[in-house]
Amino acid sequence: MITGTGTDQTGRHGGLMLSVDTSTASMTIALTREDKLLGEMTSKAERNHSLHLIPAMKRLMTEVDVKPAELNGFAIGVGPGSYTGVRIGVTVAKTFAWTHKLSLFGVSTLEAMALGGAETAVTGASFGMTGEMSEVRDGELGALDRVLKETERARETVWLIPLIDARRGQAFTALYEAGASGWKCAVPDGIRLMAAWTEELALHAAKHQPDRIVFTGELEQHSEPIRSFASRCAGRVEEMVHGVRARHVAELGRIRWKRGETEDVHGLVPNYTQLAEAEAKLLAQRS
């Protein structure tokens, strides 16, 4: 990552930041200052992000009394996920950051989903939605610190497997780990056939023996391979339905801000991902 044109020249990672993710059926937006969550809106308005994103951004800024000129940073979920949804979010983020000269930060949607799942599974936090819209006013970030403190206290290594359904037995997925070595991505984001992915995970689990394995995200279409995996795994396997939330995009964006990992506003591209060649051939044979 590099610092490019359109960044906030003050470098204030404690400033006001707008965070957005439109990579899934949900649209989620948050405003934060340092580790303070000023407001968050999450909507289940599936596939209508192009119509609702900018009005929702304006509405949230109005409700927490923040003007665009006061912002210092913009964190955007870059996918993987819905092709159209990812493209809309990244395009709006780049345009907004360029127009208002903001620092821009690209965040993995799967990592944000994994962090949210970890916070729920490890600390017991709850971020469920009722109806089509969830709104939060005031709160705290710091999910990652809380997760790592709890895993240290419990002397556990927890694997997080975020899933975004990609249809036809596929999912956008990855493997993130929380434990004594901190928070890390153990297997990078990608689109995978779930049957093959759970076989790969079984080999990893047999070798590394994590204490807990948490599948989180969009699980409904993948219950069969998950439960087959659980029946063969010696560790504790859990399912945690959880949608991506902008507060977690914001937290990961602020970590990048503190490290100076600012995106080039013109060079940032969505993470669409593709199947590995072998898996693509297998899927073609099944079609």
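What counts, and where the lines are drawn
Residues numbered from 1 in each chain as written. Predicted model: local features only at pLDDT ≥ 70, side-chain atom pairs only at ≥ 80, totals over all residues. Heavy atoms only, no water. Helix = DSSP H or I, 4+ residues; strand = E, 2+ residues; numbered from the N terminus. Core = buried A, V, L, I, M, F, W, Y, C linked by side-chain atoms within 4.5 Å. Buried < 20%, exposed > 50% of the residue type's maximum accessible area, 1.4 Å probe, protein only. Contact = heavy atoms within 4.5 Å. Expected span 1.5 Å × (residues − 1).

Novice: Talk me through unusual backbone geometry; I want residue IDs and the actual numbers.
Specialist: The omega torsion across Gly79 and Pro80 is 5°, close enough to zero to call that bond cis. Assignment of secondary structure puts Pro80 in the loop between strand 4 (73-77) and helix 2 (83-100). With a phi angle near 50°, Glu34 is a residue other than glycine that sits in the positive phi range. For Lys101, which is not a glycine, the phi torsion comes out positive at approximately 55°. Tracing the sequence through the fold places Lys101 in the loop between helix 2 and strand 5 (103-107).

Novice: Hey, could you go over the nonpolar core for me, with residue numbers and the actual values?
Specialist: With 32 residues, the main nonpolar core has Leu160 and Trp183 as its most contacted residues. Looking at this core element by element, the count peaks at eight residues for helix 3 (residues 109-123). Those residues within four positions of Trp183 in sequence are excluded, and the remaining contacts are Glu111, Ala114, Leu115, Ala118, Leu144, Leu148, Leu160, Tyr176, Glu177 and Ala178.

Novice: Residues and numbers for helix 4 (residues 143-154), please.
Specialist: Helix length check: helix 4, at twelve residues, gives a terminal C-alpha distance of 16 Å against a target of 16 Å (1.5 Å per residue), a fit within 8%. On its buried face, helix 4 is in contact with helix 3, strand 7 (158-167), strand 8 (170-179), strand 9 (182-193) and helix 7 (246-259). Where helix 4 ends, the next residue or the one after it, Arg155, has phi of about 55°, a positive value.

Spatial relationships are all this shows, so hold off on functional conclusions.
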